[in-house]
Amino acid sequence: MIVENTKAYKMEEEIRIFLQKLISINNPDEAINEVIKDLCEKYLADRVYIFETHPVALISNTYEYCAEGVSEQIHLLQNEPVETLKSW
């Protein structure tokens, strides 16, 4: 029980830090890019995406951060069918 509470506390603290960064940076695009960069680095990911949904069952990659040496895909992932994500 204590281990679960410790994990939950750490997760809550990480979320609090990310939210604080989002509200402390005046430019929303800059804030989002900073947070996804932090997420990518913290979890040693190759990339982090944020997709926007469109009313006609399409999605577009609106934000992306890539680790060093990883090529961007943001320009390729525009107006894709929602089903594209199902294979991920």
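All residue numbers here refer to positions counted from 1 along the written sequence of the relevant chain. In keeping with the predicted nature of the model, local features appear solely for residues at pLDDT of at least 70, side-chain atom pairs appear and are counted solely at 80 or more, and the whole-chain, interface and lining totals rest on all residues. Only hydrogens and water are removed before side-chain values are computed, so all heavy atoms of the structure are retained for them.

1. A few points about the side chain of Asp38
In DSSP terms, a helix is any run of H or I states spanning at least four residues, a strand is any run of E spanning at least two, and both are numbered starting from the N terminus. If you trace the backbone, Asp38 turns up in helix α2 (residues 28-42). For every residue, the accessible area (1.4 Å probe, protein chains only) is compared with the maximum for its type, and the residue is labelled buried under 20%, exposed over 50%, or partly exposed between those bounds. By relative accessible area, which is 19% here, Asp38 ends up buried.

2. Side note on the sheet that holds strand β1 (residues 47-54)
Following DSSP output, two strands are said to pair if at least two bridges run between them. One open sheet accounts for three strands, arranged β1-β2-β3; its pairing is antiparallel. Either end of the sheet is taken by a strand with one partner, and the two such strands are β1 and β3 (80-81). Inspection of the sheet shows strand β2 (residues 58-66) paired to β3 by two bridges, in the antiparallel sense. Bridge pairing in β3 places Leu58 opposite Pro81. Packing against the sheet, α2 makes contact with β1 and β2, and its axis sits at approximately 65 degrees to β2. Contacts are assigned to residue pairs with any non-hydrogen atoms lying within 4.5 Å of each other. The axes are straight lines fitted to the C-alpha atoms, using for helices just the contacting stretch, and the angles between their N-to-C directions are given from 0 to 180°.

3. Section: α2
One fewer than the residue count of a helix, multiplied by 1.5 Å, yields its expected span. Over its 15 residues, α2 extends 21 Å from the first C-alpha to the last, a length consistent with the 21 Å expected when each residue adds 1.5 Å. The complete set of buried residues in α2 reads Ala31, Val35, Ile36, Asp38 and Cys40. In protein, a polar contact requires one atom able to donate a hydrogen and another able to accept it; more generally it is a pair of N or O atoms within 3.5 Å, and residues adjacent in sequence count only if both atoms are side-chain atoms. The N-terminus of α2 is capped by Asn27, whose side-chain oxygen sits 2.9 Å from the backbone nitrogen of Asp29. Following α2 by one or two positions, Leu44 has its phi on the positive side, about 50 degrees.

4. Some details on the state of the cysteines
Throughout, disulfides are identified as pairs of cysteine sulfur atoms within 2.5 Å of each other. Within this structure, the stated rule accounts for zero disulfides. With no disulfide partner, Cys40 has as its closest neighbouring cysteine sulfur the one in Cys66, 7.4 Å distant. A residue is classified by how much of its surface remains accessible, and Cys40, at 2% relative accessible area, is buried. Among the residues examined, Cys66 registers a relative accessible area of 14% and is labelled buried.

5. Remarks on the pairing of β2
One ladder, built from eight bridges, connects β1 with β2; its direction is antiparallel. Bridge pairing links Val48 to Tyr65 in β2. From the end of β1 to the start of β2, which pair antiparallel, there are three residues, and Ala57 there has a positive phi angle of about 60 degrees.

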